[in-house]
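Residue-level listing of the chains:
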Amino acid sequence: GAVVSQHPSWVICKSGTSVKIECRSLDFQATTMFWYRQFPKQSLMLMATSNEGSKATYEQGVEKDKFLINHASLTLSTLTVTSAHPEDSSFYICSARGGVDSLETQYFGPGTRLLVL
Amino acid sequence: KNEVEQSPQNLTAQEGEFITINCSYSVGISALHWLQQHPGGGIVSLFMLSSGKKKHGRLIATINIQEKHSSLHITASHPRDSAVYICAEETSGSRLTFGEGTQLTVNP
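This section reports on the structure supplied with the text. These numbers were taken from a predicted model, which means no experiment stands behind them.

### Points about the state of the cysteines
Inference 1: Enumeration according to the criterion identifies two disulfides over all chains in this entry.
Inference 2: Through a disulfide, Cys23 of chain B is tied to Cys87 of chain B; the S-S separation comes to 2.0 Å. Between Cys23 of chain B and Cys87 of chain B the disulfide shows an S-S torsion of about 70 degrees. By sign, it is right-handed. One end of the pair, Cys23 of chain B, is in strand β3 (residues 19-25); the other, Cys87 of chain B, is in strand β9 (residues 83-91), and 64 residues separate them in sequence. Both residues of the pair, Cys23 of chain B and Cys87 of chain B, belong to the buried class.
Inference 3: Between Cys13 of chain A, a cysteine without a disulfide, and Cys94 of chain A, which holds the nearest cysteine sulfur, the sulfur-to-sulfur distance is 19 Å.
Inference 4: Judged by its relative accessible area of 10%, Cys13 of chain A is buried.

If you want it as structure tokens, here you go:
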């Protein structure tokens, strides 16, 4: 099946620094990529929807200047957490829509654990 | 209030038992997704369905559009099925809203 990778898988950083997370579709072209955040014991929450070559659409309450999304190609989207703070510590997951069949289901990446000290 | 509600929140079963997890949603959807999340956090898409029933191995997913209800069934459960199972409704623009998940533990 289709594969989506994320890098890094985990990151620890100091408060105030910026962290970039990459999401790649490895064997298909993703028409749309999604970024989610999951806090412990909670469900996933959609942060933003990203289409290649256009600006991301952010969900209500998500600061676009803090969570910068760049969808440079049909196989790569990046999420940059700028000036990270401890409350940004979370599990960030991307998904990509598109695929080797015609159903265009969403394929999820393995996630990135961010810990801000 | 979450628009997607799952039950039960926690489920413990013995190996071999038949398992059912239920999901109710509140709005018109384009599709309903069932996902599996393992302890490490990785998510696997199990089913995407908009009507009827789908089967993959020991997993069966059904949906009743009129009642806005879906079920995930696992036949002959096995300890390796232990995971969090999440249903998610897909609305316009491929936007997913997730349930809070059902923690399944299958004991040998």
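### Comments concerning the pairing of strand β1 (residues 4-7) of chain B
Residue and element names in this part refer to chain B.
Inference 1: In β1, alternate side chains face the same way, and those of Val4 and Gln6 are buried while those of Glu5 and Ser7 on the opposite face are not.
Inference 2: Bridge count between β1 and β3: four bridges; the pairing is antiparallel. Among the inter-strand pairings, Gln6 is bridged to a residue of β3, identified as Cys23.

### Structural notes on the sheet that holds β1 of chain B
Residues and elements named next belong to chain B.
Inference 1: What the five strands build is an open sheet, ordered β1-β3-β8-β7-β6; its pairing is antiparallel. Two strands in the sheet have a free side with no partner beyond their single neighbour: β1 and β6 (52-56). Averaged over all adjacent pairs, the angle separating strand axes in this sheet is 15 degrees, with direction ignored.
Inference 2: Pairing between β3 and strand β8 (residues 69-74): six bridges, direction antiparallel. Bridging across to β8, Ile21 finds its partner in Leu72.

### Quick look at the sheet that holds strand β7 (residues 67-73) of chain A
Residues and elements named next belong to chain A.
Inference 1: The strand order across the open sheet built from four strands is β1-β3-β8-β7, with neighbouring strands paired in antiparallel fashion. The two strands at the open ends of the sheet, each matched to only one other strand, are β1 (4-7) and β7. The mean angle between the axes of side-by-side strands here comes to 15 degrees, regardless of whether they run parallel or antiparallel.
Inference 2: Pairing between β1 and strand β3 (residues 19-25): four bridges, direction antiparallel. From the neighbouring strand, Val4 faces β3, where its bridge partner is Ser25.

### With respect to the nonpolar core
Generally speaking, a soluble globular protein has its nonpolar side chains buried in company with each other.
Inference 1: Counting 26 residues, the largest nonpolar core has Trp35, Phe67 and Leu114 of chain A as its most contacted members.
Inference 2: Residue assignment for this core shows that the elements contributing at least two residues are β2 (10-13), β3, β4 (32-38), β5 (45-51), β7, β8 (76-81), β9 (90-97) and β11 (112-116) of chain A.
Inference 3: Counting residues in each nonpolar core, the second largest holds 21 residues, with Tyr25, Trp34, Ala61 and Leu104 of chain B among its members.

### Looking at the packing of aromatic side chains
Inference 1: Taken as a whole and assessed by the stated rule, the structure comprises five aromatic pairs over all chains.
Inference 2: Between Phe28 of chain A and Tyr107 of chain A, the ring centres sit 5.5 Å apart and the planes meet at 55 degrees, which makes this aromatic pair tilted. Of this pair, Phe28 of chain A sits in the loop between β3 and β4 while Tyr107 of chain A sits in strand β10 (residues 106-108), placing them 79 residues apart in sequence. Residue Phe28 of chain A shares its accessibility class with Tyr107 of chain A, and that shared class is buried.
Inference 3: Ring centres of Tyr36 of chain A and Phe108 of chain A lie 5.8 Å apart, and the angle between their planes is 35 degrees; this geometry places the pair in the tilted category. A residue pair is termed long-range when its members are at least 10 positions apart, and Tyr36 of chain A in strand β4 and Phe108 of chain A in strand β10 qualify at 72 residues. In terms of burial, Tyr36 of chain A and Phe108 of chain A fall into one category: buried.
Inference 4: Among the aromatic residues, ring-to-ring pairing joins Phe34, Tyr36 and Phe108 of chain A together with Phe98 of chain B into one connected group.
Inference 5: Across the ring face of Phe67 of chain A, the terminal group of Lys66 of chain A is positioned such that the distance to the ring centre comes to 5.9 Å.
Inference 6: The ring of Phe91 of chain A has Arg113 of chain A lying over it, and the distance from NZ or CZ to the ring centre is 4.2 Å.

The rules we used
Residues numbered from 1 in each chain as written. Chains lettered and ligands numbered in written order. Predicted model: local features only at pLDDT ≥ 70, side-chain atom pairs only at ≥ 80, totals over all residues. Heavy atoms only, no water. Disulfide = S-S within 2.5 Å. Helix = DSSP H or I, 4+ residues; strand = E, 2+ residues; numbered from the N terminus. Buried < 20%, exposed > 50% of the residue type's maximum accessible area, 1.4 Å probe, protein only. Pairing = 2+ DSSP bridges. Axes fitted to C-alpha atoms, helices over the stretch in contact; angles between N-to-C directions. Core = buried A, V, L, I, M, F, W, Y, C linked by side-chain atoms within 4.5 Å. Phe/Tyr/Trp six-rings, centres within 6.5 Å; stacked < 30°, edge-to-face > 60°. Lys NZ or Arg CZ within 6 Å of the ring centre and 35° of its normal.

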